[in-house]
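Below are the chains, spelled out letter by letter.
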Amino acid sequence: MAISYVKKKIKLPINGNVEERYVAKIQYTGHVDEDNIAEHISNATTASASEVGMYIRELEYYISRRLAEGYIVRLDHLGTFYPTIHAKAQTTADDVDYRTITRKGVLFRPTAEFKEVLEGASLSLASPKVMKAIDHRKKSEQ
C-alpha cells in the first residue's frame, strides 16, 4: 500500500519572470464513501452495513451541527475539527461585524497517531510521464 504520485510541470512567477518547474503531485487512487466504510466496519463487527451507515450519517450530522454552533469537535483517534472564519480587516473595532466575514469553513488537525500512519505510508511513482504545465500566476498577472 502506497501513496502514488506523478511529476507535474508548472509555471511559476519567480522574480518577475514566469519559469517552469517540476513538482510531485498525488495521483488519487479513487475515493472511499460511506458505503465502503460501512461495509468495512460491518465486516469487522456484528453490526450490519445498513446499521453502520446509519451511525455514520448520524455522526456526520452531529459533527456538522456542533461545528455550526461554534463547538470544537474532537475524535480521539482521528483528530479535531475547528470551525473557522475569514474576515476583512477593519480600521476600527466598531467596523467589525458579520458583514466583514468573507468565508466560513472548518480546520482539521489530525492526532499524532493519525499523522504517524500517513508519515509511515510509502510513496510510489505512478507514471514516469510528466503531466502538462499549469500556470500558477494570478489571473491579473496573465
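Residues numbered from 1 in each chain as written. Predicted model: local features only at pLDDT ≥ 70, side-chain atom pairs only at ≥ 80, totals over all residues. Heavy atoms only, no water.

Novice: Quick question: what am I supposed to make of the layout of surface pockets here?
Specialist: Any empty space left between atoms is shown by rolling a water-sized probe over those atoms. There is about 270 Å³ of room inside the second largest pocket. Lining the second largest pocket are Val 32, Asp 33, Glu 34, Ile 37, Ile 56, Leu 59, Glu 60, Ile 63, Leu 75, Leu 78 and Phe 81. Elements with a minimum of two residues in the lining of the second largest pocket: α1 (34-44) and α2 (49-68). Broken down by element, the lining of the second largest pocket gets its largest block of residues, four residues, from α2. By residue class, the composition of the lining of the second largest pocket is eight nonpolar, no polar and three charged. (1 Å grid on protein atoms, 1.4 Å probe; cavity = no way out; pocket = protein on both sides within 12 Å on 5 of 7 lines; lining within 4 Å. Points joined across faces, edges and corners; volume = space filled by probe spheres on them. Helix = DSSP H or I, 4+ residues; strand = E, 2+ residues; numbered from the N terminus. Nonpolar A, V, L, I, M, F, W, Y, C, P; charged D, E, K, R; others polar.)

Novice: Is there a simple way to think about the packing of aromatic side chains in this case?
Specialist: Aromatic ring pairs are defined here through the distance separating the ring centres and the angle between the ring planes. Throughout the structure, instances matching the rule amount to two aromatic pairs. Aromatic side chains Phe 108 and Phe 114 sit 5.8 Å apart centroid to centroid with 75° between the ring planes, which places their arrangement in the edge-to-face category. On the basis of relative accessibility, which here comes to 26%, the residue Phe 114 falls in the partly exposed class. Members of the aromatic cluster, joined through ring pairs, are Phe 81, Phe 108 and Phe 114. Sitting over the face of the ring of Tyr 82, Arg 109 holds its NZ or CZ atom 5.4 Å from the ring centroid. (Phe/Tyr/Trp six-rings, centres within 6.5 Å; stacked < 30°, edge-to-face > 60°. Buried < 20%, exposed > 50% of the residue type's maximum accessible area, 1.4 Å probe, protein only. Lys NZ or Arg CZ within 6 Å of the ring centre and 35° of its normal.)

Novice: What is the right way to read the environment of Val 130 from this model?
Specialist: Residue position: Val 130 is located in strand β6 (residues 122-135). The exposure class of Val 130 is partly exposed, given its relative accessible area of 37%. C-alpha of Val 130 to C-alpha of Tyr 22: the two residues are 108 residues apart in sequence and 8.5 Å apart in space. Excluding its chain neighbours within four sequence positions, the residues that come into contact with Val 130 are Lys 7, Lys 8, Lys 9 and Tyr 22. (Contact = heavy atoms within 4.5 Å.)

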